[in-house]
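Residues per chain are reported as follows:
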Amino acid sequence: MTVAIKKVGVIGSGQMGNGIAHVAALAGFDVVLNDVSGDRLKSALATINGNLTRQVAKKAISETDRKQALDRITSAESLDALADCDLVIETAIEKEETKRKIFHEVCAVLKPEAIVATNSSSISITRLAASTDRPEKFIGIHFMNPVPAMELVELIRGIATDDMTFDTAKAFVAKLGKQVAVSEDFPAFIVNRILLPMINEAIYTLYEGVGNVEAIDAAMKLGAHHPMGPLELADFIGLDTCLSIMQVLHEGLADSKYRPCPLLVKYVEAGWLGRKSQRGFYDYRGDKPIPTR
Ligand SMILES: CC(=O)CC(=O)SCCNC(=O)CCNC(=O)[C@H](O)C(C)(C)COP(=O)(O)OP(=O)(O)OC[C@H]1O[C@@H](n2cnc3c(N)ncnc32)[C@H](O)[C@@H]1OP(=O)(O)O
Ligand SMILES: NC(=O)C1=CN([C@@H]2O[C@H](COP(=O)(O)OP(=O)(O)OC[C@H]3O[C@@H](n4cnc5c(N)ncnc54)[C@H](OP(=O)(O)O)[C@@H]3O)[C@@H](O)[C@H]2O)C=CC1
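Predicted model, so just to flag it, every value in this text is computed and none were measured. (Residues numbered from 1 in each chain as written. Chains lettered and ligands numbered in written order. Predicted model: local features only at pLDDT ≥ 70, side-chain atom pairs only at ≥ 80, totals over all residues. Heavy atoms only, no water.)

Draft legend 1. Highlighting the domain arrangement of the protein chain. Split into domains, the protein chain comes out as domain 1 (7–183) and domain 2 (191–291). Its C-alpha centre places domain 1 at a distance of 26 Å from the equivalent point of domain 2. Counting residues at the interface gives 12 residues for domain 1, matched by 8 residues for domain 2. Interface of domain 1 and domain 2: buried area, both sides summed, is about 850 Å²; carbon and sulfur atoms make up 55% of it. Joining domain 1 to domain 2, the criterion identifies 0 salt bridges. (Domains from an automatic or database assignment. Contact = heavy atoms within 4.5 Å. Buried area = accessible area lost by both parts, 1.4 Å probe. Salt bridge = Lys/Arg side-chain N within 4 Å of Asp/Glu carboxyl O.)

Draft legend 2. Summary view of the confidence of the model for the protein chain. Per-residue confidence for the protein chain gives a mean pLDDT of 98; residues scoring 70 or more make up 100%. In the model output, the complex is listed with pTM 0.97 alongside ipTM 0.96. (pLDDT = per-residue confidence, 0-100.)

Draft legend 3. Here's a closer look at the packing of helix α8 (residues 213–224) against helix α9 (residues 230–237). At a minimum axis separation of 7 Å, α8 and α9 run at an interaxial angle of 100°. Considering their axes alone, α8 and α9 lie roughly perpendicular with respect to each other. Each of Val-213, Ile-216, Asp-217, Met-220 and Lys-221 in α8 lies in contact with α9, whose residues at this interface are Pro-230, Leu-231 and Glu-232. Across the contact of α8 with α9, the residue classes break down as 5 nonpolar, no polar and 3 charged. (Axes fitted to C-alpha atoms, helices over the stretch in contact; angles between N-to-C directions. Helix = DSSP H or I, 4+ residues; strand = E, 2+ residues; numbered from the N terminus. Parallel < 35°, antiparallel > 145°, perpendicular 65-115°, else oblique. Nonpolar A, V, L, I, M, F, W, Y, C, P; charged D, E, K, R; others polar.)

Draft legend 4. Here's a closer look at the site of ligand 2. Every one of the 27 residues lining ligand 2 counts as a neighbour, but Asp-35, Arg-40, Glu-94, Lys-99 and Ser-121 are closest to it. Contact between ligand 2 and Asp-35: an oxygen atom at 2.8 Å from a side-chain N or O atom of the residue. Take Arg-40: an N or O atom from its side chain is 2.8 Å from an oxygen atom of ligand 2. For ligand 2, whose accessible area on its own is 890 Å², the fraction buried by protein is 86%. Listed by contribution, the elements that provide at least two residues to the shell around ligand 2 are α1 (15–26), α4 (96–107) and β6 (138–143). (Near = heavy atom within 4 Å. Polar contact = N/O pair within 3.5 Å; in protein donor to acceptor, adjacent residues only side chain to side chain. Areas by Shrake-Rupley, 256 points an atom, 1.4 Å probe, with all protein chains shown as cover.)

Draft legend 5. Seen up close, the pattern of salt bridges. Applying the stated rule across the entire model yields 14 salt bridges. One salt bridge in this structure joins Glu-63 and Lys-67, with 3.9 Å as the shortest N-O distance. In this pair, Glu-63 and Lys-67 both sit in helix α3 (residues 63–72), 4 residues apart, roughly one turn of the helix. On the accessibility criterion, Glu-63 (34% relative accessible area) is partly exposed. A salt bridge links Asp-163 to Arg-157; the nearest nitrogen and oxygen atoms lie 2.7 Å apart. Here Arg-157 falls in the partly exposed class, since its relative accessible area comes to 27%. (Buried < 20%, exposed > 50% of the residue type's maximum accessible area, 1.4 Å probe, protein only.)

Draft legend 6. Quick look at the UniProt feature "domain: 3-hydroxyacyl-CoA dehydrogenase NAD binding" (unreviewed entry) in the protein chain. UniProt's feature table lists "domain: 3-hydroxyacyl-CoA dehydrogenase NAD binding" (unreviewed entry) at residues 7–185, given in the numbering used throughout. Taken end to end, residues 7–185 is 40% helix and 22% strand, and its first and last C-alpha atoms sit 27 Å apart. (UniProt positions renumbered as here; feature names shortened; annotations may be inferred.)

Draft legend 7. Region of interest: the nonpolar core. With 34 residues, the main nonpolar core has Val-8, Leu-33, Leu-87, Ile-89, Ile-141, Phe-143 and Phe-172 as its most contacted residues. Take this core: its biggest share by element is 6 residues, from α1. Leave out the neighbours within four places in its chain, and Ile-141 touches Leu-87, Ala-117, Thr-118, Asn-119, Val-153, Glu-154, Leu-155, Ala-169 and Val-173. Core analysis: the next-biggest nonpolar cluster, separate from the first, contains 28 residues, Ala-188, Tyr-204, Ala-234 and Tyr-267 among them. (Core = buried A, V, L, I, M, F, W, Y, C linked by side-chain atoms within 4.5 Å.)

Draft legend 8. Just the UniProt feature "site: Important for catalytic activity" (unreviewed entry) in the protein chain, in detail. Feature annotation in UniProt assigns "site: Important for catalytic activity" (unreviewed entry) to the following positions: His-142. Along the polypeptide, His-142 turns up in strand β6. Once residues within four sequence positions are removed from consideration, His-142 is found in contact with Asn-119, Ser-120, Ser-121, Leu-152, Val-153, Glu-154, Ile-156, Phe-189 and Asn-192. Among the polar contacts listed, one links the side chain of His-142 to the side chain of Glu-154, at a separation of 2.8 Å.

Draft legend 9. The arrangement of the environment of Ala-117 in detail. Here Ala-117 lies in strand β5 (residues 115–118). Note on Ala-117: relative accessible area 0%, which makes it buried. Sequence-wise, Ala-117 and Gly-9 are 108 residues apart; in three dimensions their C-alpha atoms are separated by 9.9 Å.

Draft legend 10. Inspection of helix α11 (residues 262–269) at higher detail. Those residues of α11 that fall on the buried side of the exposure criterion are Leu-263, Leu-264 and Tyr-267. Viewed end-on, α11 has its buried residues packed into an arc of 105°, placing them on one side of the element. What points out from α11, more than 90 degrees from its buried face, is the exposed set Lys-266 and Glu-269. Of the surrounding elements, those touching the buried residues of α11 are α7 (191–207) and α10 (239–253). Gly-271, located one to two residues past α11, shows a positive phi value of around 80°. (Arc of directions from axis to C-beta.)

Pasting the structure below:
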């Protein structure tokens, strides 16, 4: 049994939020995109339009599809605008306290039958569910970046998630044209349990001087056929997000093999968060990315 989903709320309009709004609107859902910052919302809508326009140019969608998708998205700075959503997907920063606060506030305005999901990369679904008034209607729907291009979505049940919520989330993901991988609720789930230690190890490789940024990325692109080098990918994900995921792994599994590299910590402390702040393992302020080490 599934619940009918017509209107989807997306909380947080960063790179994941705008990607989720994009694919949901293109699949015919009405979308309310929320953020604490009006400027963020404006730039998210511009990014969505840019990505849809690129899909039109590549003949993946029609000009009518682009217009209709944009018309289905409204933006709002207040969570009150999500009151009549059937499904809400939280995709704010990877900080448990921020997410808990959002769930507390949004549950107060949602209808009782609405499903609440998080796009968290790593945080316990069971623990986040416990901060809501509806743990049985709470689930992890974990999209991959960039959302319009990646085929996979991880689904993670908390201890209390009921079958109706799981089946509805599964049907929703299928409507977006994406494949599901089901993960148990352990730190960082499947993709990031494997991917992030690899990225962290690449940063240790840099920290210990085994290779410079260019050599490490070239090694993994040309030597292992990864589409992006691990440092380029870390910048793409966001170094703050990478660090948060490593911290969840380190604390949650209590194993020193997940210790975040001190160089990753230093970059985040400097505010060098990767592409989103124009500087990380590469400097993106010029015509082409320049390695910073
Ligand atoms: C941290 C987490 O919690 C989980 C994660 O997401 S981990 C990160 C997972 N993601 C990855 O590992 C991405 C690795 N990189 C890649 O797969 C590729 O480099 C890439 C898909 C991003 C780009 O591929 P490419 O061949 O260099 O570029 P290009 O041919 O221009 O783009 C391929 C497609 O991606 C889309 N795309 C590329 N960048 C995009 C972006 N920033 N936003 C939206 N769409 C984008 C393009 O529109 C294109 O779509 P179509 O196939 O529909 O035409
Ligand atoms: N980056 C990635 O590759 C992936 C990330 N994720 C997960 O998705 C989530 C978002 O990541 P990402 O999009 O990269 O992060 P970004 O930093 O790009 O975006 C986060 C957005 O959330 C906004 N925000 C912060 N606090 C609130 C709030 N209280 N209410 C509403 N919006 C808020 C931020 O606004 P402001 O900047 O103004 O604070 C920003 O616009 C994280 O949980 C992350 O782990 C999942 C898969 C892949």
